[in-house]
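Observations on the three-dimensional arrangement
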Protein chains: 2
Amino acid sequence: MKPTLAKGVQDKQVREQILRDTIVNVLESNFKKYGFNPIQTPIIERFDVLTSKYAGGEEILKEIYTLSDQGQRELALRYDLTVPLARFVSMNPNLKLPFKRYQMGQVFRDGPLKPGRFREFTQCDADVVGSSSLFTDAELLALASDVFSELNFEVTIKVNSRKVLDALIPVEDKNGFILSLDKLEKIGSKGVKLELLGKGFDEKVIDSVLDKLSLDYNSLKAELKDGMEEIDSVLNYCKLLGVKNVVFTPSLARGLSYYTGTIFEVFLNNSKITSSIGAGGRYDKMIGDFSGKDFPAVGISFGLDALMSALDNYDKESYVDVILLSINQDDESIKLMQLLRKEGVNCEFSLKNVKKGLDFASSYKIPFALFIGEDEVKNNKYTLRDMTSGEEFKFGLNDIVKKIKRL
Amino acid sequence: MKPTLAKGVQDKQVREQILRDTIVNVLESNFKKYGFNPIQTPIIERFDVLTSKYAGGEEILKEIYTLSDQGQRELALRYDLTVPLARFVSMNPNLKLPFKRYQMGQVFRDGPLKPGRFREFTQCDADVVGSSSLFTDAELLALASDVFSELNFEVTIKVNSRKVLDALIPVEDKNGFILSLDKLEKIGSKGVKLELLGKGFDEKVIDSVLDKLSLDYNSLKAELKDGMEEIDSVLNYCKLLGVKNVVFTPSLARGLSYYTGTIFEVFLNNSKITSSIGAGGRYDKMIGDFSGKDFPAVGISFGLDALMSALDNYDKESYVDVILLSINQDDESIKLMQLLRKEGVNCEFSLKNVKKGLDFASSYKIPFALFIGEDEVKNNKYTLRDMTSGEEFKFGLNDIVKKIKRL
């Protein structure tokens, strides 16, 4: 048989997985710095949980993968990490609040395929459950800002509030209006107006909304009191937290229906990648649907695959530090290799001849090769070659470890 | 609605996930030390790939979760990481050999539930593809030995070879015979004999096999040449590699049908957990089924859930190092917190009052609390309380960082 992958899923090669590790480490260390702790929920959930009232909404439901458990129950693969969190919170009523958790894992959506859009992909989420303080919203923006600065990304964090949108748009079918408004940057105000007229909205209303969107911060504040007070508060906390790249964007909408307050999206500056690389918001109602009791909550989600396409400099092809090349000294080489491993050096022993071993090292950019011949064993000094510069050193064990670890 | 979990899957609480991180870190660092590199394959695979000739065998096929891709193709959830590796190798013909990869991830089996047996569980595998050297087999045993010694487990690694079993058991239906023999330690030779008689095997053959199993190493070696030469070789390499806890066990069988040479299982000494916590073997034929070309291969799989039940000392409940308690000094506290985070300290800011903050810290065993009041801000010296001893210190920022990181 000629084996292939299922449509819309990917293998990750070594160089990709090493880059992924780098990003995951940055995310994890920042989640921890900001007081988040890890949990894990299963990939398989009950279908009725994933399709509950405040869950992902109609658009996502069409894309659920279903399966059955020996034909007994209706099961499904999770399509995000937020609905499972809501289920988790409701099943663990004794959690001390605020509960700050992070989770990273694959999620599944059986939707249309586009370049860069997959059916199995990884989300990295941090959420705070049980605090309605807007300080929490700002802290997530600070977290995002730290993550991207550590990854050397220049980003803009766009912030808005569902309450601003509510005050701004005096119509019944807010969702339809919001979906068009979300395209303001892409298609301009003329394009948005045309689309909204097409949807049957009143021209006067459209013009008034678009006019308000062109107001400066203080004038808009005077127009829309409530939501703007919250935005004010979040922006002030951001200042205290040292976040510099936050921009209030009253047209920012976010698709998902469960948001109730602050919403935000992170975009790369000057990049070919124009979709957001992180996003989130406050959803104070969703958990209540599961637990019968409302829990204020706010979260952020980083798309690992989007981050990887933004970072795609694969400068490391292997975790191996040194390849050991034995010249008829297999037994001694093996013993030496174990000593190096005890010191935490990542070693590989070439089972083939020296030339093939060197080729192997070059093709995977392994930084060092260690030659072990008769003289070397006799004098307990081995030849270490720096594979980049070609330099060679005659070293004992300790100096080999020092040289390799200085990398 | 009252949300519940699907049957046979689990949530991992924070304390479990922290313990899991510890184990995963030990596994990953040892995989790297031994020259392995990470890849990732998807959870969703094509049904025809997972049910291919040399794949898991009939027993596992009954337990496959199937799903469909918009009704177009037959898909399934992976039930191990070995069959996907075989697919990966055949789809990447230009891999430099030997290809040493590790992968950790969830796998799915819709089988009967027992205590400690789940339908979604995590495997951590290291495999070497493209080397038939028995040194490779021994290296996996050295890797296992290092992992368990770092986790402070006392283990016995039982080793056998399919070739030993072939020479030992002169019957057609080897699998039926082997499945009974595998129970030798559990039910004794009398029990095994009864079971084999019940399966219709010849009494003389049964007696002769059981007799041979009681022979000492050298006598057995004289009886069965071929497979024993391989065992000899593996055990010699183990000596060179410094592995001490390997025991040749001619009755060890391993269920899976794809093994062709060395097989091994790791057991805890003096533990209530009697099932193996790691296992593997050589499978030189399976990849050939996918690629049309035989690749020798050998691998080991660690069961993360089994390791967790063996280790279940949850001594850490949170990654948070210090909780900041503001006494009417919120703005200053927030600024100080960001400085601590810059130094890599994991911080949490109590949004509630001081007493609630201290309770929160105690309940999650957070090691430090930092009090920030008017005097503290004025003098730039803060009160750091060691939550275990109750000791308090008046420190500036640098000393706070030093004290916390010394932990």
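Quick summary incoming for the structure in this document. Values in this document were obtained by computation on a predicted structure and should not be read as measured data. (Residues numbered from 1 in each chain as written. Chains lettered and ligands numbered in written order. Predicted model: local features only at pLDDT ≥ 70, side-chain atom pairs only at ≥ 80, totals over all residues. Heavy atoms only, no water.)

**Considerations on the sheet that holds strand 12 (residues 322-326) of chain A**
All names here are of chain A.
- Pairing within the open sheet is mixed, and its 5 strands lie in the order 13-12-14-15-16. Of all the strands in the sheet, the pair left with one neighbour each is strand 13 (347-349) and strand 16 (392-395). Sheet twist, expressed as the mean angle between neighbouring strand axes with direction ignored, is 25°.
- Across 4 bridges, the pairing between strand 14 (residues 368-372) and strand 15 (residues 382-386) is antiparallel. Each bridged residue has a counterpart across the sheet, and for F368 the counterpart in strand 15 is D386.
- Where helix 14 (residues 330-342) meets the sheet, its contacts fall on strand 12, strand 13, strand 14 and strand 15, and the angle it forms with strand 13 comes to roughly 170°. (Pairing = 2+ DSSP bridges. Helix = DSSP H or I, 4+ residues; strand = E, 2+ residues; numbered from the N terminus. Axes fitted to C-alpha atoms, helices over the stretch in contact; angles between N-to-C directions. Contact = heavy atoms within 4.5 Å.)

**Here's the deal with the side chain of D110 of chain A**
Residues and elements named next belong to chain A.
- Mapped onto the fold, D110 is located in the loop between strand 5 (99-108) and strand 6 (120-129).
- A residue is classified by how much of its surface remains accessible, and D110, at 5% relative accessible area, is buried.
- Within the structure, D110 has its side chain in polar contact with the side chain of Y65 (distance 3.5 Å). (Buried < 20%, exposed > 50% of the residue type's maximum accessible area, 1.4 Å probe, protein only. Polar contact = N/O pair within 3.5 Å; in protein donor to acceptor, adjacent residues only side chain to side chain.)

**Points about the relation of the copies chain A and chain B**
- When chain A is fitted to chain B, the best match, at an RMSD of 0.1 Å, comes from turning it 180° and sliding it 0.0 Å along the axis. Taken together, the rotation angle and the small translation identify this as a two-fold axis. If distances are taken from each C-alpha of chain A to the rotation axis, the shortest is found for L67 of chain A, at 2.7 Å.
- Both copies share a contact surface, since 100% of the interface residues of chain A are interface residues in chain B too. (Least-squares fit on C-alpha atoms with pLDDT ≥ 70 in both.)

**Some details on the packing of helix 1 (residues 14-33) of chain A against helix 5 (residues 134-150) of chain A**
Residue and element names in this part refer to chain A.
- For the pair helix 1 and helix 5, interaxial distance at closest approach is 10 Å and the crossing angle is 145°. Viewed along their axes, helix 1 and helix 5 form a crossing whose handedness is right-handed. Across the interface between the two elements, V26, L27, S29, N30, F31 and K33 of helix 1 pack against L143, D146, V147 and E150 of helix 5.
- Tallied by class, residues from the contact of helix 1 with helix 5 come to 5 nonpolar, 2 polar and 3 charged. (Left-handed = near helix turned anticlockwise from the far one by under 90°. Nonpolar A, V, L, I, M, F, W, Y, C, P; charged D, E, K, R; others polar.)

**Thoughts on the nonpolar core**
- By size, the foremost hydrophobic cluster in this structure holds 114 residues, and its most contacted members are F148, I157 and F302 of chain A together with L370 of chain B.
- Considering every element that reaches this core, the biggest residue donor is helix 5 of chain A, with 10 residues.
- Formed by 113 residues, the second largest nonpolar core is a distinct cluster that contains I404 of chain A together with Y102, V192 and L304 of chain B. (Core = buried A, V, L, I, M, F, W, Y, C linked by side-chain atoms within 4.5 Å.)

**What about helix 11 (residues 225-241) of chain A?**
All names here are of chain A.
- Here helix 11 spans 25 Å end to end across 17 residues, near enough to the 24 Å set by a 1.5 Å rise per residue.
- Every buried residue belonging to helix 11 is among G227, M228, E230, I231, D232, V234, C238, L240 and L241, and all of these are buried.
- G242 occupies a position one or two residues after helix 11 and carries a positive phi of about 80°. (Expected span 1.5 Å × (residues − 1).)

**Some thoughts on the environment of G303 of chain A**
Residues and elements named next belong to chain A.
- Looking at the secondary structure, you find G303 in strand 11 (residues 297-303).
- For the pair G303 and D211, spaced 92 residues apart in sequence, the C-alpha separation works out to 34 Å.
- Ignoring anything within four residues of it in the chain, the contact list for G303 reads T122 and I277.

**Describing the interface of chain A and chain B**
- With 93 residues of chain A at the contact, the number on the chain B side is 94 residues.
- Buried area between chain A and chain B, summed over both chains or domains, comes out near 8,000 Å², and the portion from carbon and sulfur atoms is 56%.
- Joining chain A to chain B, the criterion identifies 6 salt bridges.
- For D11 of chain B, the salt bridge is made with R87 of chain A, and the minimal N-O distance between the two is 2.7 Å.
- In this assembly, chain A and chain B are joined by 36 residue pairs in polar contact (both at pLDDT 80 or more).
- Considering each element in turn, the side of chain A that touches chain B owes the most residues, 9 residues, to helix 1 of chain A.
- In terms of residue class, the side of chain A that touches chain B is made up of 42 nonpolar, 25 polar and 26 charged. (Buried area = accessible area lost by both parts, 1.4 Å probe. Salt bridge = Lys/Arg side-chain N within 4 Å of Asp/Glu carboxyl O.)

**Here we look at the side chain of R282 of chain A**
- One can find R282 of chain A in strand 10 (residues 278-282).
- One polar contact links R282 of chain A to D137 of chain A, side chain to side chain, over a distance of 2.7 Å.

**Structural notes on the pattern of salt bridges**
- Inspection of every chain in the model, using the stated rule, returns 52 salt bridges over all chains.
- Via salt bridges that share partners, K100 and E139 of chain A together with R341 and E348 of chain B belong to a single interconnected network.

**Quick notes on the sheet that holds strand 16 (residues 392-395) of chain B**
Residue and element names in this part refer to chain B.
- On the basis of which strands lie adjacent, the open sheet formed by 5 strands has the order 13-12-14-15-16 and mixed pairing. Looking at the sheet topology across the chains shown, the edges are occupied by strand 13 (347-349) and strand 16. Averaged over all pairs of adjacent strands, the angle between their axes in this sheet comes to 25°, without regard to strand direction.
- The pairing of strand 12 (residues 322-326) with strand 14 (residues 368-372) spans 5 bridges and is parallel. Residue pairing across strands places L324 opposite L370, the latter belonging to strand 14.
- Running at roughly 140° to strand 16, helix 17 (residues 397-405) makes contact with strand 12, strand 14, strand 15 (382-386) and strand 16 of the sheet.

**What to know about unusual backbone geometry**
- Looking along the chain, the bond that leaves L97 of chain A and enters P98 of chain A is cis, with omega of -5°.
- As for its placement among the helices and strands, P98 of chain A is situated in the loop between helix 4 (82-91) and strand 5.
- The backbone of N328 of chain A shows a phi angle near 55°, a positive value even though the residue is not glycine.
- Along the polypeptide, N328 of chain A turns up in the loop between strand 12 and helix 14.
- One non-glycine residue with positive phi stands out, namely N380 of chain B, at about 55°.
- Residue position: N380 of chain B is located in the loop between helix 16 (374-379) and strand 15.

**Quick word on the packing of aromatic side chains**
- The tally for this structure, following the rule as stated, stands at 27 aromatic pairs over all chains.
- Ring centres of F148 of chain B and F302 of chain B lie 5.7 Å apart, and the angle between their planes is 55°; on these two criteria the pair is classed as tilted. With F148 of chain B in helix 5 (residues 134-150) and F302 of chain B in strand 11 (residues 297-303), the pair connects residues that are 154 residues apart, well separated along the chain.
- On the basis of relative accessible area, F148 of chain B is assigned to the buried category, the value being 0%.
- One aromatic cluster is present, formed by F31, F36, Y102, F148, F153 and F302 of chain A through successive ring pairs.
- Positioned over the ring face of Y319 of chain B is K32 of chain A, at 4.0 Å from the centre of the ring. (Phe/Tyr/Trp six-rings, centres within 6.5 Å; stacked < 30°, edge-to-face > 60°. Lys NZ or Arg CZ within 6 Å of the ring centre and 35° of its normal.)

**Quick look at helix 13 (residues 304-311) of chain B**
All names here are of chain B.
- Considered for burial, the residues of helix 13 that qualify are L304, D305, L307, M308 and L311. Seen along its axis, helix 13 keeps its buried residues to an arc of 160°; they face one direction.
- Where helix 13 is buried, its residues meet helix 1 (14-33), strand 6 (120-129), helix 5 and strand 11. (Arc of directions from axis to C-beta.)

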